[in-house]
Protein chains: 2
Amino acid sequence: MKLMELTPWETPAVIDYKKTMEQFGVKPIVDVLGDLKEEHHFFRRNIILGHRDFERIVDAIKNNKEFAVVSGMMPSGKMHFGHKMVVDLLKFYQKYTDNINIPIADLEAYWARNMSFETTKELALNEYITNYIALGLDPEKINVYLQSKYQKVKDLALILSKRTNWSEMKAIYGFKGETNIGHVFAPIVQVADILHPQLDENLSPEPKPVVVPVGIDQDPHIRLTRDIANRAKEFKFIPPSSTYHRFMTGLLGGKMSSSKPETAIFLTDDEKTVKKKIFSAKTGGRETLEEHKKYGGVPEECVVYELFLYHLILDDKELAEIYQKCRSGELTCGKCKKMAYERVVEFLKDLKEKREQAKEIAVKILEGKY
Amino acid sequence: MKLMELTPWETPAVIDYKKTMEQFGVKPIVDVLGDLKEEHHFFRRNIILGHRDFERIVDAIKNNKEFAVVSGMMPSGKMHFGHKMVVDLLKFYQKYTDNINIPIADLEAYWARNMSFETTKELALNEYITNYIALGLDPEKINVYLQSKYQKVKDLALILSKRTNWSEMKAIYGFKGETNIGHVFAPIVQVADILHPQLDENLSPEPKPVVVPVGIDQDPHIRLTRDIANRAKEFKFIPPSSTYHRFMTGLLGGKMSSSKPETAIFLTDDEKTVKKKIFSAKTGGRETLEEHKKYGGVPEECVVYELFLYHLILDDKELAEIYQKCRSGELTCGKCKKMAYERVVEFLKDLKEKREQAKEIAVKILEGKY
């Protein structure tokens, strides 16, 4: 009976996420998606779970109205499949809008991580923007910018900094006496990143819905942004909408992290590395083949299954079949790993080819020449 | 004997100032002036009393080297003779440099005083810049800018904000939890105002001495600026020099303030108003004419004498004569007031005429068209 209660996408992890969202007052996104649910496997598979005011975006998409998307990047280390997820989301939105804003958080990197502007720019260019383009983002539809170079956002941040105070920043971000003032200012630049699409170049109001796709851990920041939007009445902001997705598990079961190469498949990994990483990955298999056949596997605890769920198998029927065959013990971990390996390698090979041209476009984008 | 100990410029107020300076580690300027002492009555008359690193500026002036001056303005109400003093100082410097920077603190006014950018700009234009030009500042030698519009300074402030922290800002400025973050950021914009002349448009180092003429109450800010200059080694800043002047007393004996019209003669006051203000002013005269003739007046406590000292009598001999005649009781307050009134009226009449053309220049300056 227990087997039947679970579905390929309603895992225990999902249920935990839902509890967290409830605490924060984040609403289940399924309630407002309508037909849109069928449009992306992230919706169908509970990868995007919650939202604030996403009705506005559903309305804009359905009725062909203007809306904007903001999704920042903090370049640190190499891009992996966790990052790809965000790009997939942006690819979904670019079907409906050409107002997709991608701030590169070089000011924050400078203040909070002591990274030079040059280092951040190089990393953003060679690793992030190049892969974003290679993954299929349309250069015509995205506004990629370095925070440190974008006057509109800097000016807006300076103005909006009047709308919050030390007590609030301290409470939200845990700042201390020794926190440098730039670091204290960094979240306000992010607020400006999110709100700037609602203003023209002279900072005059052009209200429109904006959506920010983030992980649930980013919700305090979304709340601050919405509060500041409400306080700065002169700009007539529509409080930004947000969606909350869950994160991929690291290959070894813990967190996925750029700084721990064994936890993630990088978009630039070679075949050999991919093979090693996938075949070392934590699965939901039983200790022995015998037990596996007897009791069945646990896909909910399998990071290879997660690769299928997020990235490698977009057909729901195909995925459901794998899910069932794993749970029944018919499908063994070796087979799954082999399949994952083959698909990842094929995907990365194709991506590598696309990166060559993408790099040229990325250079032009950062030079403002695209 | 007591009479002889005093000089026309070594007043008890001056002695108090010197004590304060000593506490802060500010040095007496007379020690480094050399021949320059004779160049301005502010030096000769102890109106500028102290300094930090002013040797650098003396050296630059004597040896015809490059240096810059920074003197901010916070437009609030109408300009009075206290403000004129700062312009007189800048007129002194413009004989030796064309790098005179005059930031208009519209960001600070917005954050700390809730003034709109438009209000500050109008006030700066109609009242301050117009009078600055009419008083004799050379439009070719000054760089007047609105903080909110000057990218170089804003960008520098964002970078330098990494070099101080909440504890330091709180200790210097007394900020509290409810202080808005813009207000916390305002002193860093001022630091950037002072340091920016040492950088080119791309923020690459062009080290040069900079002097900031301020009142002694501004010294904590000068110290912060010098500390940040030392911390931000990548910019190769020369720590800015400063001079400290004393302030004119208000006409009624207390503080001079734009918001209390009876305490100051405004540069736009008409004859009748000037007459009323000067004849109501606090003097160092005795209670009766008889006593005055017997004991003599006290010019050190006379705001009319201060008008002579700061603005109306530039000839030292003439001033010394008035000083002695007052102290001996020969010169009565009525006569001094009449003389002050006549000179102020003549000065303001001339200034009014000059303002007409100056206004046009001021408009062009703020439009960046001068």
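Computed from a predicted model, the values in this text were never measured in an experiment.

**A word on the sheet that holds strand 7 (residues 241-245) of chain A**
Sheet strands pair via backbone hydrogen bonds, and the direction of the pair is either parallel or antiparallel.
Residue and element names in this part refer to chain A.
So, point 1. The sheet built from seven strands is open, its strands ordered 1-2-7-6-3-4-5 with mixed pairing. Since the sheet does not close on itself, it has two edges, and those belong to strand 1 (27-28) and strand 5 (142-146), each with one partner.
So, point 2. Pairing of strand 6 (residues 210-215) with strand 7, which is carried by five bridges, proceeds in the parallel orientation. Residue pairing in the sheet places Pro213 in a bridge with Thr243 of strand 7.
So, point 3. Helix-sheet contacts for helix 8 (residues 117-134) involve strand 4 (100-104) and strand 5, and the interaxial angle to strand 4 is about 150°.

**Regarding a positive patch on the surface**
So, point 1. Taken together, Lys170(A), Lys176(A), Lys170(B) and Lys176(B) make up a surface patch of like positive charges.
So, point 2. The class of Lys170(B) is partly exposed, set by a relative accessible area of 43%.

**Focus on the packing of aromatic side chains**
Geometry of an aromatic ring pair is reported as the spacing of the ring centres plus the angle between the planes.
Residues and elements named next belong to chain B.
So, point 1. Tallied over the full model, the rule gives 28 aromatic pairs over all chains.
So, point 2. On the numbers, 5.8 Å between centres and 50° between planes, the contact of Tyr305 with Tyr323 is tilted. Of this pair, Tyr305 sits in helix 15 (residues 303-312) while Tyr323 is found in helix 16 (residues 316-328), placing the two residues 18 residues apart along the sequence.
So, point 3. Owing to a relative accessible area of 6%, Tyr305 belongs among the buried residues under this scheme.
So, point 4. When its relative accessible area of 1% is taken as the criterion, Tyr323 is described as buried.

**Quick look at the pattern of salt bridges**
Proximity of charged atoms lets side chains of opposite charge pair with each other.
So, point 1. Counting across every chain of the model gives 42 salt bridges over all chains.
So, point 2. The salt bridge partner of Glu234(A) is Arg163(A), with a shortest N-O separation of 3.1 Å. Taken together, the residues Glu234(A) in the loop between helix 12 (219-231) and strand 7 and Arg163(A) in the loop between helix 9 (151-160) and helix 10 (166-173) connect sequence positions 71 residues apart.
So, point 3. On the basis of relative accessible area, Glu234(A) is assigned to the partly exposed category, the value being 36%.
So, point 4. Note that Lys84(B) and Asp88(B) form a salt bridge whose closest N and O atoms lie 2.7 Å from each other. Taken together, the residues Lys84(B) and Asp88(B), both in helix 6 (residues 81-93) and four residues apart, mark about one turn of the helix.
So, point 5. According to the relative accessible area criterion, Lys84(B) is buried, its value standing at 6%.
So, point 6. Here Asp88(B) falls in the buried class, since its relative accessible area comes to 9%.
So, point 7. Bridged by salt links that share partners, the residues Arg44(A), Arg45(A) and Asp316(A) form one connected network.

**Some details on the side chain of Asp269(A)**
So, point 1. Among the secondary structure elements, Asp269(A) is positioned in the loop between strand 7 and helix 13 (271-279).
So, point 2. Engagement of the side chain of Asp269(A) in a polar contact is seen with the side chain of Lys277(A), the distance being 2.7 Å.

**Side note on the interface of chain A and chain B**
So, point 1. Tallying the contact residues gives 29 residues for chain A and 29 residues for chain B.
So, point 2. Summed over the shared surface of chain A and chain B, the result is two salt bridges.
So, point 3. For Asp155(B), the salt bridge is made with Lys154(A), and the minimal N-O distance between the two is 2.6 Å.
So, point 4. Of the residues assigned to the side of chain A that touches chain B, the class counts are 12 nonpolar, 10 polar and seven charged.

About the cut-offs
- Residues numbered from 1 in each chain as written.
- Chains lettered and ligands numbered in written order.
- Predicted model: local features only at pLDDT ≥ 70, side-chain atom pairs only at ≥ 80, totals over all residues.
- Heavy atoms only, no water.
- Pairing = 2+ DSSP bridges.
- Helix = DSSP H or I, 4+ residues; strand = E, 2+ residues; numbered from the N terminus.
- Contact = heavy atoms within 4.5 Å.
- Axes fitted to C-alpha atoms, helices over the stretch in contact; angles between N-to-C directions.
- Patch = residues over 30% accessible without salt bridge, like charges linked within 9 Å, V, L, I, M, F, W, Y side chains within 5 Å.
- Areas by Shrake-Rupley, 256 points an atom, 1.4 Å probe, with all protein chains shown as cover.
- Salt bridge = Lys/Arg side-chain N within 4 Å of Asp/Glu carboxyl O.
- Lys, Arg positive; Asp, Glu negative; His and termini not counted.
- Charge placed at Lys NZ, Arg CZ, Asp CG, Glu CD.
- Buried < 20%, exposed > 50% of the residue type's maximum accessible area, 1.4 Å probe, protein only.
- Phe/Tyr/Trp six-rings, centres within 6.5 Å; stacked < 30°, edge-to-face > 60°.
- Polar contact = N/O pair within 3.5 Å; in protein donor to acceptor, adjacent residues only side chain to side chain.
- Nonpolar A, V, L, I, M, F, W, Y, C, P; charged D, E, K, R; others polar.

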